[in-house]
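# Analysis of the macromolecular model
Each chain, letter by letter, is given below.
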Amino acid sequence: VQLQAFGGGLVQPGGSLRLSCAASGSIFSIYDMGWYRQAPGKQRQLVAHITRGGSTNYVDSVKGRFTISKDNAKNTVYLQMNSLKPEDTAVYYCNANHPSFDINFWGQGTEVTVSS
């Protein structure tokens, strides 16, 4: 499984970005997908998660602002980020997790900077 994440950039506080993660094949029926982020000096944390069945969950700090979704036809998972805050600044990584075997694949990070 290969994952390619893109869509990061510099945005002002209150702005929006949409991250995309393209998978190398039709994996969404097998793998749960997630977006993680890692800010400088901090541990990587799970931001948003979508299961094979489409159930979603979010870390409390992004609830109501971020939305994870997936397009099975395009083998792509998205993270729509609205009302961005400086504390959202981090490198964002997409992840594919096989829930039965705890196998993980990671995309390369895409950097998001929220600053005026």
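Look above for the structure.
Now for a look at the structure at hand. (Residues numbered from 1 in each chain as written. Predicted model: local features only at pLDDT ≥ 70, side-chain atom pairs only at ≥ 80, totals over all residues. Heavy atoms only, no water.)

### A word on the nonpolar core
- Met 33, Trp 35, Leu 79, Met 81 and Tyr 92 are the most contacted members of the largest nonpolar core, which totals 30 residues.
- At the level of elements, β1 (3-6), β3 (17-23), β4 (32-38), β5 (45-50), β7 (66-71), β8 (76-81), β9 (90-98) and β11 (110-114) are the ones that each hand at least two residues to this core.
- Sequence-distant contacts of Leu 79, defined by excluding residues within four places in its chain, comprise Leu 17, Arg 18, Leu 19, Trp 35, Ala 48, Phe 66, Thr 67, Ile 68 and Tyr 92. (Core = buried A, V, L, I, M, F, W, Y, C linked by side-chain atoms within 4.5 Å. Buried < 20%, exposed > 50% of the residue type's maximum accessible area, 1.4 Å probe, protein only. Helix = DSSP H or I, 4+ residues; strand = E, 2+ residues; numbered from the N terminus. Contact = heavy atoms within 4.5 Å.)

### Section: the sheet that holds β3
- Across the sheet, four strands lie side by side as β1-β3-β8-β7; this open sheet has antiparallel pairing. Here the strands that pair on one side only, and so sit at the sheet edges, are β1 and β7. Ignoring which end each strand starts from, the neighbouring axes of this sheet average 15° apart. (Pairing = 2+ DSSP bridges. Axes fitted to C-alpha atoms, helices over the stretch in contact; angles between N-to-C directions.)

### Overview of the pairing of β1
- Burial along β1 is one-sided: the face carrying Leu 3 and Ala 5 is buried and the face carrying Gln 4 and Phe 6 is not.
- Direction of pairing for β1 relative to β3: antiparallel, over a ladder of four bridges. What sits directly across from Phe 6, in β3, is Ser 20.

Honestly, it's all geometry; don't read function into it.
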